[in-house]
Amino acid sequence: LIRASNISTVNLECLSYDGTVEALSKLPLALPRKATAPDIFEVTLKRIRRIPKITVHLQYPPSENIPDETITMYAGENLRHGMLIRGVQLNDRLAKRFDTANGGNCGAGGLCRTCVVSVSSGSDLLNPQRLSEQQMLADVPRQRLACKAIVGYGMKEGELTV
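Residues numbered from 1 in each chain as written. Predicted model: local features only at pLDDT ≥ 70, side-chain atom pairs only at ≥ 80, totals over all residues. Heavy atoms only, no water.

Asks: Help me understand the overall build of the chain in this model?
Replies: Counting its secondary structure elements, the chain contains three helices and eight strands. In the chain, the succession of helices and strands from N to C terminus is β-β-α-β-β-β-α-β-α-β-β. With an accessible surface of roughly 10,800 Å², the chain has 53% of that area assigned to carbon and sulfur atoms. (Helix = DSSP H or I, 4+ residues; strand = E, 2+ residues; numbered from the N terminus. Areas by Shrake-Rupley, 256 points an atom, 1.4 Å probe, with all protein chains shown as cover.)

Here you go:
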């Protein structure tokens, strides 16, 4: 917020929907004053769009003794990347790779199965599988490669359980 004499300006560029609303709410109220011109508020808003939120419930296998947790992601986010940046340990180092007998992960190339997740509910919030992913996971239809799954497909909000 920049204030010079009786003109207030707020920069809304590159803010999220919530950030824009918050910035606008911090503008001072215009109160009429005696013998002075009223405050002038100039707002230039090119585009504002609320990005849908997806609540992702993470359920771990009971054998791992890890408590279930919930994270919030936004439409258009890659499931693998979103989970990793939120501190969720994803890659199963013991998972059997699809492309080779070696262990390890392919670094989000969609060539292995180390980031595979089982989708219990909310699969309609994920983008459709491409042919290569369908072929790789043909034996487990409820599973997805997290590196190829985009949440909030079609700009939808909702809950996803993996």
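Asks: I keep staring at the side chain of Asn 127 and nothing clicks. Help me out?
Replies: Tracing the sequence through the fold places Asn 127 in the loop between strand E6 (116–118) and helix H3 (131–136). Among the polar contacts made by the side chain of Asn 127, one reaches the main-chain carbonyl oxygen of Lys 148 at a distance of 3.3 Å. Non-local contacts of Asn 127, meaning those with residues more than four positions away in its chain, are made with Arg 144, Lys 148, Ala 149, Ile 150 and Tyr 153. (Polar contact = N/O pair within 3.5 Å; in protein donor to acceptor, adjacent residues only side chain to side chain. Contact = heavy atoms within 4.5 Å.)

Asks: How should unusual backbone geometry be read in this particular structure?
Replies: Only a minority of non-glycine residues have a phi that is not negative, and only a minority of peptide bonds are not trans. The backbone of Asn 65 sits at a positive phi, close to 55°, despite the residue not being glycine. Here Asn 65 lies in the loop between strand E4 (53–58) and strand E5 (69–74). Given a relative accessible area of 71%, Asn 65 falls into the exposed group. A positive phi angle is found at Met 155, which is not glycine, with a value near 60°. Turning to its location among the elements, Met 155 is positioned in the loop between strand E7 (143–145) and strand E8 (158–161). The class of Met 155 is partly exposed, set by a relative accessible area of 36%. (Buried < 20%, exposed > 50% of the residue type's maximum accessible area, 1.4 Å probe, protein only.)

Asks: What is the right way to look at the sheet that holds E4 in this model?
Replies: Adjacent strands of a sheet form backbone hydrogen bonds with each other and so pair up, either parallel or antiparallel. Pairing is mixed in the open sheet, where three strands are placed in the order E5-E4-E8. The outermost strands of the open sheet, each flanked by one partner alone, are E5 and E8. Strand after strand, the sheet turns through a mean of 25° between neighbouring axes, direction not considered. Pairing between E4 and E5: six bridges, direction antiparallel. Bridge pairing in E5 places His 57 opposite Thr 70. (Pairing = 2+ DSSP bridges. Axes fitted to C-alpha atoms, helices over the stretch in contact; angles between N-to-C directions.)

Asks: Teacher, can you tell me more about a nonpolar patch on the surface here?
Replies: Judged by side-chain polarity, Tyr 17, Val 21 and Ile 48 come together as a nonpolar surface patch covering roughly 230 Å² of accessible area. Relative to the assigned elements, Ile 48 resides in the loop between strand E3 (40–42) and E4. (Patch = residues over 30% accessible without salt bridge, like charges linked within 9 Å, V, L, I, M, F, W, Y side chains within 5 Å. Salt bridge = Lys/Arg side-chain N within 4 Å of Asp/Glu carboxyl O.)

Asks: I'm lost on the pattern of salt bridges in this one. Help?
Replies: Once the charged atoms of two side chains with opposite charge are near each other, the side chains can pair. Taken as a whole and assessed by the stated rule, the structure comprises three salt bridges. A salt bridge links Lys 53 to Asp 18; its shortest N-O distance comes to 3.8 Å. Here Lys 53, found in strand E4, pairs with Asp 18, found in helix H1 (residues 17–25); they are 35 residues apart in sequence, far enough to count as distant. Here Asp 18 falls in the partly exposed class, since its relative accessible area comes to 43%.

Asks: Teacher, can you tell me more about the nonpolar core here?
Replies: Across soluble globular proteins, nonpolar side chains show a tendency to be buried alongside one another. Val 56, Leu 58, Leu 79 and Leu 160 are the most contacted members of the largest nonpolar core, which totals 25 residues. Breaking this core down by element, the ones donating at least two residues are E4, E5 and helix H2 (79–85). For this core, the element with the highest residue contribution is E4, accounting for three residues. If near-sequence neighbours (up to four positions away) are discounted, Leu 79 is found in contact with Met 73, Val 117, Ala 146, Ala 149, Val 151 and Leu 160. (Core = buried A, V, L, I, M, F, W, Y, C linked by side-chain atoms within 4.5 Å.)

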